[in-house]
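Working through the structure, step by step
Each chain, letter by letter, is given below.
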Amino acid sequence: MKVLVSDKLGTKGISILEECKELVVEEKTGLSPDELKKIIGDYDGIVIRSATKLKADILEHANKMKVIGRAGVGVDNVDLPTATKKGIIVMNTPEGNTVSTCEHAFSMMMSLSRNIPQAHANVKSGKWDKNKFSGQELLGKMLGVIGFGRIGREFAKRAQAFGMKVIAYDPFITKEFADQFGAESVTLEELCKRADYITLHIPLTPETKYILNKKMFDLMKPNVRIINCSRGGTICEADLIEALKAGKIKGVATDVFEKEPPAGSPLLEFDNVVVTPHLGASTPEAQENVAIAVAEQVRDALIGKEIRNAVNMPSLDAESAKVLRPWVNLSEKLGAFIAQVLEGSVTKVSVQYCGVVTNYNLAPLTIAVLKGLLTVAMGDMVNFVNAPVLAKERGIEVVESKSSQLEDFANHISVIVSTDKGKCQVVGTLFGKKDPRIVKINDYHLDAHAEGNMIYLENEDKPGVIGDVCVLFGKKNVNIAEMALGRIKQGGTAITLFNVDQEVTAEVVKEIKALSKILSVKKVHL
Ligand code: NAD
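Residues numbered from 1 in each chain as written. Predicted model: local features only at pLDDT ≥ 70, side-chain atom pairs only at ≥ 80, totals over all residues. Heavy atoms only, no water.

Our focus in this paragraph is the nonpolar core. Within the largest apolar cluster, 51 residues are counted, with the highest numbers of intra-cluster contacts made by F337, V349, L365, I413, V415, I438 and L497. Of the residues forming this core, the biggest block, ten residues, is contributed by helix α13 (residues 318–341). Two domains each provide a minimum of three residues to this core, namely domain 3 (314–442) and domain 4 (450–526). If near-sequence neighbours (up to four positions away) are discounted, I413 is found in contact with W327, L330, S331, L334, V351, Q352, Y353, L365, V426, V427 and G428. Listed in part, the 29 residues of the second largest apolar core include I146, I167, L212 and F270. (Core = buried A, V, L, I, M, F, W, Y, C linked by side-chain atoms within 4.5 Å. Buried < 20%, exposed > 50% of the residue type's maximum accessible area, 1.4 Å probe, protein only. Helix = DSSP H or I, 4+ residues; strand = E, 2+ residues; numbered from the N terminus. Domains from an automatic or database assignment. Contact = heavy atoms within 4.5 Å.)

What follows concerns the site of the ligand. As a structural note, the neighbourhood of the ligand is formed by 27 residues, with I151, D170, I202, A377 and R394 the closest of them. With respect to the ligand, the backbone of I202 contributes an N or O atom lying 2.8 Å from an oxygen atom. A distance of 3.3 Å separates an oxygen atom of the ligand from a polar atom in the side chain of H278. Taken together, the elements giving at least two residues each to the shell around the ligand come down to α7 (150–161) and α14 (363–378). Counted by class, the shell around the ligand contains 13 nonpolar, nine polar and five charged residues. Two domains each donate at least three residues to the shell around the ligand, and these are domain 2 (98–275) and domain 3 (314–442). (Near = heavy atom within 4 Å. Polar contact = N/O pair within 3.5 Å; in protein donor to acceptor, adjacent residues only side chain to side chain. Nonpolar A, V, L, I, M, F, W, Y, C, P; charged D, E, K, R; others polar.)

Now for the packing of aromatic side chains. By the definition in use, this model includes six aromatic pairs. Note on F148 and F181: the rings are 5.9 Å apart at their centroids and 80° apart in plane angle, and the pair reads as edge-to-face. With F148 in the loop between β6 (142–146) and α7 and F181 in the loop between α8 (175–180) and β8 (184–185), this pair connects stretches of sequence that are 33 residues apart. Judged by its relative accessible area of 30%, F181 falls in the partly exposed class. Each residue in the set F106, F155 and F162 is aromatic and connected to the rest through ring pairs, giving one cluster. Above the face of the Y43 ring, K2 is positioned so that its terminal group lies 4.9 Å from the ring centre. Its end group placed over the ring of F181, R153 keeps NZ or CZ at 5.3 Å from the ring centre. (Phe/Tyr/Trp six-rings, centres within 6.5 Å; stacked < 30°, edge-to-face > 60°. Lys NZ or Arg CZ within 6 Å of the ring centre and 35° of its normal.)

This model, assessed by the stated rule, comprises two cavities of 30 Å³ or more. Considered as a void within the structure, the largest cavity measures approximately 60 Å³ in volume. The wall of the largest cavity is formed by N228, R231, G232, G233, I235, E237, L240, V252, T254, V256, F257 and L267. When residues of the lining of the largest cavity are traced back to their parent elements, those giving at least two are α11 (237–245) and β11 (251–254). (1 Å grid on protein atoms, 1.4 Å probe; cavity = no way out; pocket = protein on both sides within 12 Å on 5 of 7 lines; lining within 4 Å. Points joined across faces, edges and corners; volume = space filled by probe spheres on them.)

This part is about the sheet that holds strand β16 (residues 423–431). Taken in spatial order, the six strands line up as β14-β13-β15-β16-β17-β18 in an open sheet, and their pairing is mixed. Each edge of the sheet is formed by a strand with only one pairing partner; in this case those strands are β14 (397–403) and β18 (444–449). If you compare each strand with its neighbour and ignore which way they point, the axes differ by 20° on average. Sheet analysis places β16 next to strand β17 (residues 435–441), joined by six bridges and oriented antiparallel. Note on β17: the bridge partner recorded for F431 is D435. Strands in contact with α14 are β13 (346–354), β14 and β15 (412–419); relative to β13, the strand with the most contacts, it is inclined by about 140°. (Pairing = 2+ DSSP bridges. Axes fitted to C-alpha atoms, helices over the stretch in contact; angles between N-to-C directions.)

Take a look at the structure:
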């Protein structure tokens, strides 16, 4: 089998691949998209970092390809739907970067506290402006960590060693989980009000986009210092610039930008903004960790030993895969649906299976529910291998059961998720052999396509309510593809699920919310 290494990979990674008798390894870096398109059809596997872009038009030619290994976390340079459609396993290496990125973020906090980059530049330019660069101790200060995952927790550990107190905002962890790491779990608003230092360790998702914005800057202490070594776009740069201009923030240290490189950004003009060029994972240790991990994973997948850290499919034998794949798809959608409509930290996930699937190993289906649920918060990090571990780490109890009780649908999957704020049940089934449908939400029966952009409403069951929403959609040029209604009794509370052809903007969601007799509105993407 032939493996192409199309981005620079550490020598240890190359050796692991070369030492495997079944593999022929070819290193060809710096290929243009056209060159890659011409040769990709010869390879069974490819190892990439971030430079190689495996877009749909290139993957269309990858007819022998079985595995794509991404040395690193984000797989946004791979067209996942195309890879999945072609049956190519896409793997990432989510753990190799943690310590390097954490240490970089911590160095940024220290630089910010003691004005090291500014003082360094001053002395190098022949000056000695000692009084200009007086700093601040970390001891006793309050650190706010947004995103209490791998890097966030490592950061908290180091901050505690420096005598800092730690508060954390992460809607997907429980108070008890934060407690174990000596951190107090708080709301985002509280974190913004109380922290002297704020550090972000979140993925970029629709929920985290611009999580720090004008509203949050207005809540912060005037001397707050902010560190961002997560992803560009988590902070609204336009609002940040205004806050810096107004002197509302003492300083910012950032490794990531909305546009990278940030040439011409007004952010670069502030003396109190410390910047680095996305260096978080740039250490030989991190590079080596991910090179070794990706080489081992690609080797093991190609020789049929084991599939680890697959982003786009669970590990199933061929026989079961034929039957279970559409159910896996449905399970993932049910998890993702609940994650987008239910608020709070998840404490328990119960999955009940009925019908044909109960003859098979149910683990991949339950994992798919967890993957769907966690991906909404954690993005590409979550895969079929690490979803159960991530759920366990977050203290989420997972219960799996089989039922022989025949409900409206002989074959169905019911998912109940409990959080500290409530509970939601969604039941799904397949129409035909693979068409995923949602047939029940809490006590409401309905029949909706579990696919694409959706708007989920709770509304009073009164004449004209849905009409008003439809008129609004019409005005905003949102085309309704399908609509499903559910109610328990006439004149009570009802639910409506719209499948729409376009993504609905936050502004339109707000306008729907403001309509009369609408009780709640959620935007869902499946
Ligand atoms: P992780 O998945 O272990 O942790 C992310 C945490 O964010 C999770 O605990 C999740 O529950 C939480 N989260 C999700 N949505 C949230 C929300 N709306 N509000 C608050 N918290 C939310 O990931 P990690 O390994 O700690 O990485 C964190 C980030 O750092 C990722 O975005 C990753 O891409 C980035 N990163 C950057 C660099 C760099 O070079 N600067 C290097 C590595 C990783």
